[in-house]
Amino acid sequence: MAVVLAFLCIFVLSINARGGGVTAARLQTHLSANLLANGLGQTPPMGWNSWNHFNCHIEEKLIMETADAMVSTGLAAIGYEYINLDDCWAQLHRDSQGNLLPNASTFPSGIKALANYVHDKGLKLGIYSDAGTRTCKGTMPGSLGHEEQDAKTFASWGIDYLKYDNCNNHGISPKKRYPKMSEALLNSGRAIFFSLCEWGQEDPATWAAGIGNSWRTTSDIKDNWKSMTSRADENDKWASYAGPGGWNDPDMLEVGNGAMKTEEYRAHFSIWALAKAPLLIGCDIRAMNNVTFELLSNKEVIAVNQDKLGVQGKKVKKDGDLEVWAGPLSDGKIAVVLWNRGPTEATVTAYWSDIGLESATVVSARDLWEHSTQASMKGQLSTNLKPHACRMYVLTPQ
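Conventions adopted
Residues numbered from 1 in each chain as written. Predicted model: local features only at pLDDT ≥ 70, side-chain atom pairs only at ≥ 80, totals over all residues. Heavy atoms only, no water. Helix = DSSP H or I, 4+ residues; strand = E, 2+ residues; numbered from the N terminus. Contact = heavy atoms within 4.5 Å. Pairing = 2+ DSSP bridges. Axes fitted to C-alpha atoms, helices over the stretch in contact; angles between N-to-C directions. Core = buried A, V, L, I, M, F, W, Y, C linked by side-chain atoms within 4.5 Å. Buried < 20%, exposed > 50% of the residue type's maximum accessible area, 1.4 Å probe, protein only. Domains from an automatic or database assignment. Disulfide = S-S within 2.5 Å. Parallel < 35°, antiparallel > 145°, perpendicular 65-115°, else oblique. Nonpolar A, V, L, I, M, F, W, Y, C, P; charged D, E, K, R; others polar. Buried area = accessible area lost by both parts, 1.4 Å probe. Phe/Tyr/Trp six-rings, centres within 6.5 Å; stacked < 30°, edge-to-face > 60°. Lys NZ or Arg CZ within 6 Å of the ring centre and 35° of its normal.

Visitor: Sorry if this is basic, but what is going on with the environment of K308 here?
Guide: Within the secondary structure, K308 sits in the loop between α11 (299-305) and β9 (314-319). A C-alpha to C-alpha distance of 17 Å links K308 and V336, two positions 28 residues apart in sequence. Filtering out sequence-adjacent residues up to four positions away, K308 remains in contact with T43, P244 and S330.

Below, the structure is given as C-alpha cells:
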C-alpha cells in the first residue's frame, strides 16, 4: 500500500507539473464520487465492436458467428464478453408508434432473438444509437427526443450495452443530451452499460462520471500509427478522472486489422491495457491469425487492464521519442511500459524516481510479453527497443 500511495502522489504531482491543476482531493473526488448508479463497469469493459472492420456491413449471421468465435477461440473465457453492434442495424424510419425497428433484410429474426442467442453463449449484446436526430451514417433514426422509449425498447430486447454517438445533434450541448438517455436507461428496468461517444468535444472526463460508465476522450481511431499514438496522448491527460464505474475511452482496438506492424499493435494493446481503456476488439475474430490472437489473449496484459485498484496508468517520462508509462496496481505492484516511438532503435530507461519507488527498493520485474521474470532489480529498468516497439512489465517490490 505504501508503494501505491507513493505512486499516486507522484501521479498527482506530474499532472500539476503539466498544468492540469489536479489536487489530491480532486483526484479522490473524480475517482469515487457521483458514479452512475447502475453498478456496472467496475473494471473496463471487454468485448468486440463491429465498426472498425465491418463499418455499415453488418447482419445477424455475422454477429452470431462472431459470438461463436468469441467462445470457440477462448477469448470469452479470458474476459471478452460484449458483442456490440454499431451503426446501421436499424430501419431507416421508426414504426407508427415511434419505435425503432431492426433492418428486416439484415436482421430478419429481430434483435431480441439475437440477444437470446448471444446470452445463450454466456455473452452480452451491445447496441448503438445516437444523441441526435439521425445516426452518423444517417441510415437510421437517432434517439434525441425518444430517449425513454428507446431505452425501454433496448431493455425489452435484452440489451446489455449502449454506445451513444454524437452526430446530427443540432448544436445542443452533450451535457444536455446525454443525461436524458442516462436517466432513461436507469429507469428501463435493465442494467445497461452506458458508453458516451461525444468524441471528447466538451471534455466529458470532467462531467460524465455520473452519467455514463465510459466516455470517449478522442475522435475516431484509424488503423495507423499516427492515429493510434495521438489517441493515446489525447486520452492520457484525463488519467486522473477514471476509476471503477467510469472509464476514459480512447476508442476501440485496431489490433488485427492489418495496417500496422506487429510491434505497433503490441504497443497499442499495451498502452490501452495500462490506461484502463475499454478493450473492444475491432477486427474479424472469425478470421484472425495466430499473431493477432496471441496479442489479444495475453492474460498478463489483460490482468493489468482489469486490476481491481482501477487507477489509469499514464505517461510519466518523455525524452524525445522515448517514453515511460506507468501506473499502480493492487498489492503494491506497478505496471510499466517502456516505449520507443521513434524511427530508430534506442534504449529506454525507467528510473525508480520516475515511477514512484524509493531508490533502494528491490523488485522483481515480470516481462508480460516474454513471460519471464528478472529478480532482485534495483534503481532502474532499461531495455533496447526496435522502432515503435515497447516492453511491458509488472514490478513487485520484494
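Visitor: Help me understand the sheet that holds strand β6 (residues 214-216) in this model?
Guide: Working definition: the strands of a sheet are paired by backbone hydrogen bonds and lie parallel or antiparallel to each other. Pairing is parallel in the open sheet, where eight strands are placed in the order β7-β6-β5-β4-β3-β2-β1-β8. Of all the strands in the sheet, the pair left with one neighbour each is β7 (247-249) and β8 (279-281). Direction aside, neighbouring strands of the sheet carry axes that sit 25 degrees apart on average. Across the sheet, helix α5 (residues 111-120) is in contact with β2 (82-84) and β3 (124-130); its angle to β3 comes to roughly 145 degrees.

Visitor: How do you make sense of the nonpolar core when you look at a structure like this?
Guide: One recurring pattern in soluble globular proteins is that nonpolar side chains are buried together. Residues Y80, W89, F194 and F269 are the most contacted members of the largest nonpolar core, which totals 86 residues. Considering every element that reaches this core, the biggest residue donor is helix α9 (residues 262-274), with seven residues. A domain-level breakdown of this core finds at least three residues from each of domain 1 (38-306) and domain 2 (314-397). Sequence-distant contacts of W89, defined by excluding residues within four places in its chain, comprise I58, L100, L101, P102, N103, F107, I111, I127, Y128, M140, F154 and W157. Listed in part, the 19 residues of the second largest apolar core include L338, V348, A389 and L395.

Visitor: Would you take a moment to explain the state of the cysteines for this structure?
Guide: Disulfide: a covalent bond formed between the sulfur atoms of two cysteine residues. One pass over the full model with this rule turns up two disulfides. Sulfur-sulfur distance for the disulfide between C56 and C88 comes to 1.5 Å. Looking down the S-S bond of the C56 and C88 bridge, the torsion is -55 degrees, so its handedness is left-handed. Within this pair, whereas C56 is found in the loop between α3 (51-54) and α4 (60-72), its partner C88 is found in the loop between β2 and α5, the two being separated by 32 residues in sequence. C88 sits in the buried class, given a relative accessible area of 8%. A sulfur-sulfur separation of 2.0 Å characterises the disulfide bridge that pairs C136 with C167. A torsion of 95 degrees about the S-S bond marks the disulfide between C136 and C167 as right-handed. Here C136 is found in the loop between β3 and α6 (147-157), whereas its partner C167 is found in the loop between β4 (161-165) and α7 (174-186), with 31 residues between them in sequence. According to the relative accessible area criterion, C136 is partly exposed, its value standing at 35%. Here C197 is not disulfide-linked; the sulfur of C136 is the nearest cysteine sulfur, at 7.1 Å. Look at C197 and you get buried, because its relative accessible area is 1%.

Visitor: Looking at this structure, I do not really get the packing of α4 against α5. What am I missing?
Guide: Think of two packed helices as two axes; the pair is described by the angle between the axes and how far apart they sit. Look at α4 against α5: their axes get within 9 Å of each other, and the N-to-C directions meet at 10 degrees. Classified by the angle between their axes, α4 and α5 sit roughly parallel to one another. For the pair formed by α4 and α5, the contact residues are E60, I63, M64, A67 and D68 on the first element and L114, Y117 and V118 on the second. Split into classes, the residues belonging to the contact of α4 with α5 amount to six nonpolar, no polar and two charged.

Visitor: Teacher, can you tell me more about α6 here?
Guide: One full turn of an α-helix is made of 3.6 residues, so residues set three or four places apart face in the same direction. Taken together, the buried positions of α6 are E147, D150, A151, T153, F154, A155 and W157. In this structure, the buried side of α6 is in contact with α5, β3, β4 and α7. At the C-terminal side of α6, G158 shows a positive phi close to 90 degrees.

Visitor: When you look at the domain arrangement of the protein in this model, what are you seeing that I'm missing?
Guide: Interfaces are often sized by the accessible area lost when the parts come together. With domains assigned, the protein is organised as domain 1 (38-306) and domain 2 (314-397). Placing the centre of domain 1 and that of domain 2 at their C-alpha centroids yields a distance of 31 Å. Taken residue by residue, the interface counts 23 residues in domain 1 and 20 residues in domain 2. Counting each side, the surface lost to burial between domain 1 and domain 2 is near 1,900 Å², with a carbon and sulfur contribution of 67%. When the buried area of domain 1 at its contact with domain 2 is split by residue, D236, L274 and E300 rank highest and sum to 29% of it.

Visitor: Looking at this structure, how should I read the packing of aromatic side chains?
Guide: A ring pair, where both rings are aromatic, is described by two values, the distance of the centres and the angle of the planes. Throughout the structure, instances matching the rule amount to twelve aromatic pairs. Pairing W89 with W157 gives two aromatic rings, centres 5.7 Å apart and planes at 85 degrees, and the pair type is edge-to-face. Of the two residues, W89 is situated in the loop between β2 and α5 and W157 in helix α6; the sequence distance between them amounts to 68 residues. Comparing W89 with W157, the two get one shared label, buried. An aromatic cluster is present here, built from Y82, Y161 and F193 joined pairwise through their rings. Above the plane of the ring of W369 lies R266, whose end atom (NZ or CZ) is 5.3 Å from the centre. The lysine or arginine in question, R341, covers the ring of W339, its NZ or CZ lying 4.8 Å from the ring centre.

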